[in-house]
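Report on the structure
Spelled out from the first residue to the last, the chains are:
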Amino acid sequence: MTNKIQVTRSSMPQLDEYIDEIRELWNSRWLTNMGVKHKKLESDLINYLDVSNIALFTNGHIALETVIAALDLEGEVITTPFTFVSTTHAIVRNGLEPVFCDINSEDYTIDVEKIESLITERTSAIIPVHVYGNVCNINEIQRIANKYNLKVIYDAAHTFGVKVDDTGIGNFGDASMFSFHATKVFNTIEGGAVTFNDKKLDKKLNELKNFGITGPASIQYIGGNGKMNEFQAAMGICNLRHVSNEIERRRTVVKRYISNLNGIEGIKLIKPQKGVKSNYSYFPVVFDGYKKTRDMIFEELKEHDIIARKYFYPLTNNIKCYKDIFNSNNTPIAKYIAERVLTLPLYADLNLDDVDRICKIIKK
Ligand SMILES: *Cc1c(COP(=O)(O)O)cnc(C)c1O
């Protein structure tokens, strides 16, 4: 009998390594509010991600909500429905109106040819998603943003450590949000960050994540509580030491999937992007004209105790809380892919034999 294979498995350091990292907290009794671990993780991440500024948060979603608030956006925001619901919620919870742009059928990121037709007088920003670790067409997005004077915030939750022509992915647009959730390539248990180029944003982001407190007796903003605590930061410090090795092992798993599934009629894999150093965060497969449907494959894998994920299904413009407001027929490619895509199990210590077994079930 083989063990159950989940779609992902959280990376963790050796227990001793973590204990060493948190030991001093028993002396300092400084458990949260930007302590030494928080400061160290900030500077470690600035190095690793090769960015100029970073603000840490207790999770990626609050990071995104906060940076949207910090940039004082108004009116409409152009985004895609082919994402985790967090992206759309972060826009709506800021009192803004999401305007859904379709995705392209190559890498499932925002279709840059369709952005301009959605821009109105009320548009203030574009929030594209580097979905599955695929990099959006950043040059074209920036060209459009400059032309119409729009802000750009990337949902970079899937692109930890990704580089484009040797530039860290967190350097593009006005800001990028990363998620360090347990299921992501790099985790701080729960956690997240915003990276940004304009140093002036630093103060406001950090005030907004701490109730809007701007001084001992001064509260300037209606902020929330988004602070990353010391135990989260310590986990991040440990995990970051091993993340390059983890990504390398993910690469081996992905290579094995590709060698098993490449060139099969009706199975569509994503092509590597030119100039992009990938983090191998997800392995999405689109079943289009295959002998079995996505849902059939999902069930068959489940019968074998292998858990794949219909990621992203349903689209965010078709979930219960939004479907009376938006219409997923307006984003036909996103709709088409969401009905056919399955992300297969992928994590650093996934056995290559298990990869072969998963592929055998798919091909049977
Ligand atoms: C994980 C994720 C988020 C939210 O991040 P959390 O750290 O879980 O709050 C947002 N967007 C996308 C695309 C994600 O995958």
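Residues numbered from 1 in each chain as written. Predicted model: local features only at pLDDT ≥ 70, side-chain atom pairs only at ≥ 80, totals over all residues. Heavy atoms only, no water.

Let us now look at the overall build of the protein chain. When helices and strands are counted, the protein chain shows eleven helices and 15 strands. Projected onto its principal axes, the C-alpha positions of the protein chain cover 65 × 55 × 40 Å. The buried share among the 364 residues of the protein chain stands at 54%. Restricting to contacts in the protein chain with at least 6 residues of sequence separation, those with at least 24 account for 71%. Of the roughly 16800 Å² of accessible surface on the protein chain, 50% is carried by carbon and sulfur atoms. Counting 45 positive and 45 negative side-chain charges, the protein chain places the centres of these two groups 3 Å from one another. (Helix = DSSP H or I, 4+ residues; strand = E, 2+ residues; numbered from the N terminus. Buried < 20%, exposed > 50% of the residue type's maximum accessible area, 1.4 Å probe, protein only. Contact = heavy atoms within 4.5 Å. Areas by Shrake-Rupley, 256 points an atom, 1.4 Å probe, with all protein chains shown as cover. Lys, Arg positive; Asp, Glu negative; His and termini not counted. Charge placed at Lys NZ, Arg CZ, Asp CG, Glu CD.)

A separate point is the pattern of salt bridges. Counted according to the given criterion, the structure contains 29 salt bridges. A salt bridge links Lys 40 to Asp 44; the nearest nitrogen and oxygen atoms lie 3.1 Å apart. One end of the pair is Lys 40 and the other is Asp 44, both in helix H3 (residues 36–49) and four residues apart, which spans about a single turn. Residue class for Asp 44 comes out buried when judged on its relative accessible area of 19%. With a shortest N-O distance of 3.8 Å, Asp 202 and Lys 199 are connected by a salt bridge. (Salt bridge = Lys/Arg side-chain N within 4 Å of Asp/Glu carboxyl O.)

On the basis of which strands lie adjacent, the open sheet formed by three strands has the order S12-S14-S15 and antiparallel pairing. Two strands in the sheet have a free side with no partner beyond their single neighbour: strand S12 (267–268) and strand S15 (341–344). Where S12 meets strand S14 (residues 283–287), two bridges bridge the pair, whose relative direction is antiparallel. Opposite Ile 267, over in S14, you have Phe 287 as the bridge partner. Packed on one face of the sheet, helix H9 (residues 294–303) meets S14 and S15 and runs near 30° to S15. (Pairing = 2+ DSSP bridges. Axes fitted to C-alpha atoms, helices over the stretch in contact; angles between N-to-C directions.)

Our next topic: the nonpolar core. Core analysis: the biggest nonpolar cluster contains 40 residues, and Leu 45, Ile 115, Ile 141, Phe 160 and Phe 180 have the highest contact counts within it. Top contributing element to this core by residue count: helix H8 (residues 230–261), with five residues. Two domains each donate at least three residues to this core, and these are domain 1 (15–101 + 108–237) and domain 2 (243–363). Other than its neighbours up to four places away in sequence, Ile 141 contacts Ile 110, Val 112, Ile 115, Ile 126, Pro 128, Cys 136, Val 152 and Tyr 154. Counting residues in hydrophobic clusters, the runner-up holds 26 residues, among them Tyr 257, Tyr 290, Ile 306 and Leu 344. (Core = buried A, V, L, I, M, F, W, Y, C linked by side-chain atoms within 4.5 Å. Domains from an automatic or database assignment.)

Quick look at the site of the ligand now. Taken together, 16 residues lie around the ligand, and His 61, Asp 155, His 158, Ser 179 and Lys 184 are the ones closest in. In the model, an oxygen atom of the ligand is placed 2.8 Å from a nitrogen or oxygen of the Gly 60 main chain. Here an oxygen atom of the ligand and a side-chain polar atom of Ser 179 are 2.7 Å apart. Within the complex, the protein chains bury 93% of what would otherwise be the 380 Å² of accessible surface of the ligand. Listed by contribution, the elements that provide at least two residues to the shell around the ligand are helix H4 (60–70), helix H5 (85–92) and strand S8 (175–179). Of the residues contributing to the shell around the ligand, the split by class is four nonpolar, ten polar and two charged. (Near = heavy atom within 4 Å. Polar contact = N/O pair within 3.5 Å; in protein donor to acceptor, adjacent residues only side chain to side chain. Nonpolar A, V, L, I, M, F, W, Y, C, P; charged D, E, K, R; others polar.)

Before going further, it helps to examine the layout of surface pockets. There is about 420 Å³ of room inside the largest pocket. Grouping the amino acids of the lining of the largest pocket by side-chain chemistry returns eleven nonpolar, six polar and three charged. (1 Å grid on protein atoms, 1.4 Å probe; cavity = no way out; pocket = protein on both sides within 12 Å on 5 of 7 lines; lining within 4 Å. Points joined across faces, edges and corners; volume = space filled by probe spheres on them.)

A few words now on the UniProt feature "active site" (unreviewed entry) in the protein chain. Residues given the UniProt feature "active site" (unreviewed entry) here are Lys 184. Tracing the backbone through its elements, the reader meets Lys 184 in the loop between S8 and strand S9 (192–196). Lys 184 gets classed as buried once you look at its relative accessible area, which sits at 12%. When near neighbours in sequence (up to four residues on either side) are disregarded, Lys 184 contacts Ala 157, His 158, Ser 179 and Tyr 282. (UniProt positions renumbered as here; feature names shortened; annotations may be inferred.)

Judged by side-chain polarity, Phe 211, Ile 213 and Ile 219 come together as a nonpolar surface patch covering roughly 280 Å² of accessible area. Turning to its location among the elements, Ile 213 is positioned in strand S10 (residues 213–215). Using a relative accessible area of 34% as the deciding quantity, one classes Ile 213 as partly exposed. (Patch = residues over 30% accessible without salt bridge, like charges linked within 9 Å, V, L, I, M, F, W, Y side chains within 5 Å.)

With respect to the element layout, Thr 123 can be found in strand S4 (residues 123–127). The exposure class of Thr 123 is buried, given its relative accessible area of 9%. For Thr 123, the side chain forms a polar contact with the main-chain nitrogen of Thr 120, separated by 2.8 Å. If near-sequence neighbours (up to four positions away) are discounted, Thr 123 is found in contact with Glu 76, Ile 78, Leu 118 and Leu 150.

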